[in-house]
Each structure stands twice: as C-alpha cells, then as structure tokens.
Amino acid sequence: MKKNVCCLVLLFSMSLLLGGCGYYFPSVYDGPARTIYMPEWKNKTNKLGIDITLYKTLSGWFQKSQAIILTKNKDKADLILAGEIVSIDLPSISWGGDRVTTDVKIKLGVRYILKDLKTGKVLWEVPNELWTEDYPSQTLSSAAENKALTTIIDDLSERIYLGTLNKLRRQNMSPTP
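Residues numbered from 1 in each chain as written. Predicted model: local features only at pLDDT ≥ 70, side-chain atom pairs only at ≥ 80, totals over all residues. Heavy atoms only, no water.

A few points about the packing of aromatic side chains
Where we set the bar: Any two of the Phe, Tyr and Trp rings considered here, Trp counted by its six-membered ring, make a pair once their centres fall within 6.5 Å; the pair's planes then place it as stacked at under 30 degrees, edge-to-face at over 60, or tilted in between. Numbering of helices and strands runs from the N terminus; a helix is a DSSP stretch of H or I covering at least four residues, while a strand is a stretch of E covering at least two. Using a 1.4 Å probe on the protein chains alone, a residue whose accessible area is under 20% of its type maximum counts as buried, one over 50% counts as exposed, and one in between counts as partly exposed. A ring has a charge above it when a Lys NZ or an Arg CZ is no more than 6 Å from the ring centre and no more than 35 degrees off the ring normal.
This structure, assessed with the given rule, holds 4 aromatic pairs. Where Trp41 meets Tyr112, the ring centres are 6.0 Å apart and the plane angle is 40 degrees; that geometry is what we call tilted. Of this pair, Trp41 sits in the loop between strand E1 (34–37) and strand E2 (42–43) while Tyr112 is found in strand E5 (residues 101–116), placing the two residues 71 residues apart along the sequence. The pair formed by Trp41 and Tyr112 is uniform in burial state, with each residue classed as buried. Centre to centre, the rings of Tyr112 and Trp124 are 5.3 Å apart; their planes meet at 80 degrees, and the pair counts as edge-to-face. Here Tyr112, found in strand E5, pairs with Trp124, found in strand E6 (residues 122–136); they are 12 residues apart in sequence, far enough to count as distant. Each member of the pair, Tyr112 together with Trp124, is buried. Through a chain of ring-to-ring contacts, the aromatic side chains of Trp41, Tyr112 and Trp124 assemble into a single cluster. Between the NZ or CZ atom of Lys64 and the centre of the ring of Trp61, over which it lies, the distance is 4.7 Å.

Quick look at the layout of surface pockets
Spelled out, the test is: Only protein atoms enter the 1 Å grid used here, on which a cavity is any set of points holding a 1.4 Å probe that cannot leave and a pocket is any open set flanked by protein within 12 Å on both sides along at least five of seven lines; residues with an atom within 4 Å of a point are listed as lining. Grid points are joined across faces, edges and corners, and a volume is the space filled by probe spheres set on the points. Gly counts as polar in this scheme, as do all residues outside two lists: the nonpolar Ala, Val, Leu, Ile, Met, Phe, Trp, Tyr, Cys and Pro, and the charged Asp, Glu, Lys and Arg.
Its volume calculated, the second largest pocket comes out at about 190 Å³. The residue makeup of the lining of the second largest pocket, split by class, is 7 nonpolar, 1 polar and 5 charged.

Notes on the pattern of salt bridges
Which entries qualify depends on this criterion: A carboxyl oxygen of Asp or Glu within 4 Å of a side-chain nitrogen of Lys or Arg is what we treat as a salt bridge.
Applying the stated criterion across every chain yields a total of 8 salt bridges. Glu40 serves as the salt-bridge partner of Lys72, at 3.9 Å between the closest nitrogen and oxygen. Linking Lys72 in the loop between strand E3 (68–71) and strand E4 (79–95) with Glu40 in the loop between E1 and E2, this pair joins segments that are 32 residues apart in sequence. In this structure, Lys105 engages Asp134 in a salt bridge whose closest nitrogen and oxygen atoms are separated by 2.9 Å. You can see Lys105 sitting in strand E5 and its partner Asp134 sitting in strand E6, a full 29 residues away along the chain.

Below you can see the structure in the form of structure tokens.
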C-alpha cells in the first residue's frame with residue numbers, strides 16, 4: 001500500500017512537471033525562428049569603444065537563443081533592434097552630511113527600439129533610459145569605473161534581450177490579420 005502511494009505521488013509530480021504547469025524560462029525563446037538586424041549602436045558620448053562593448057555584450061545574450069539569428073544584412077531580417085548611447089556621466093559624486101563622499105555614480109543614458117521590418121510596427125521603444133551604478137569613493141580609479149560600467153552594460157544587455165523575447169512571445173500570441 002505504501003509503495004502504491006509513493007508511486008502515485010511520483011506519477012502526479014511528473015505529470016505536473018511534464019504537463020506544463022505554466023512555468024517558462026524567460027531567457028529561452030521557443031517560438032518561430034526570427035532574424036534580427038542589429039546595427040552597431042551609435043555613440044554620442046566621448047567614451048570611446050563603449051558602443052562596441054555594448055554591441056558585443058548584447059550579441060552574446062542573443063546567442064543564447066537558437067531561434068534568434070542576428071544579422072548585419074537588413075534585407076534578410078524580420079526585425080530591427082537599434083540603439084544609441086546618448087549620455088555618460090563619469091563620475092557623479094554623492095556627499096554625506098559630514099562633507100565626505102559616500103559613493104560615486106556612473107550614469108549611462110540610452111535609447112533603443114525594436115521594430116518589425118515587414119509591417120513597420122514598433123514592438124518596443126524606450127526613448128530615454130538612465131542606468132546608474134555605484135562604486136565606493138575610496139576606489140576612484142579607471143579600473144573601478146570600468147567595472148561599474150561593465151555592470152551597467154551587462155544589466156542593460158540582459159534587459160534588452162529578455163524584453164525582446166517578451167515582445168516576440170506577445171507578437172506570436174496575437175492573431176495575424
């Protein structure tokens with residue numbers, strides 16, 4: 001009897017797991033294959049190379065999905081994902097009540113758009129987004145600054161990747177005319 005109950009519990013658990021309990025992995029896109037034209041980001045700041053770093057990091061995120069192909073050929077793409085680095089503030093210092101610096105903030109301003117090239121429909125547009133990262137004032141150095149900037153770029157790239165997957169999922173669920 002005890003063995004039968006254990007088997008039933010095991011079978012029930014497996015059916016929930018395999019039967020689709022509604023859980024999905026947000027970083028996995030399992031919809032139809034999509035090709036995204038992603039030109040290099042424009043850099044309107046004086047920080048050289050930040051556009052290349054952002055492009056490489058963002059491309060790395062998209063390589064996690066087998067159903068999404070990045071291309072440099074706009075004619076063969078379904079979508080375009082374009083962006084621009086509009087501002088950078090290195091560093092911005094915060095002061096405590098006793099006139100001692102408490103932390104240093106790097107600020108990065110960006111904008112980006114995801115557009116369906118076939119229909120011309122804008123799927124996602126972020127016209128102005130500001131990312132900040134703190135680092136201790138005791139470590140005012142280019143290495144600490146670069147580490148904070150790398151954190152911003154990693155977080156921003158992840159957000160754009162996951163946001164793009166979310167928009168594609170929604171697009172796949174909406175009825176086509």
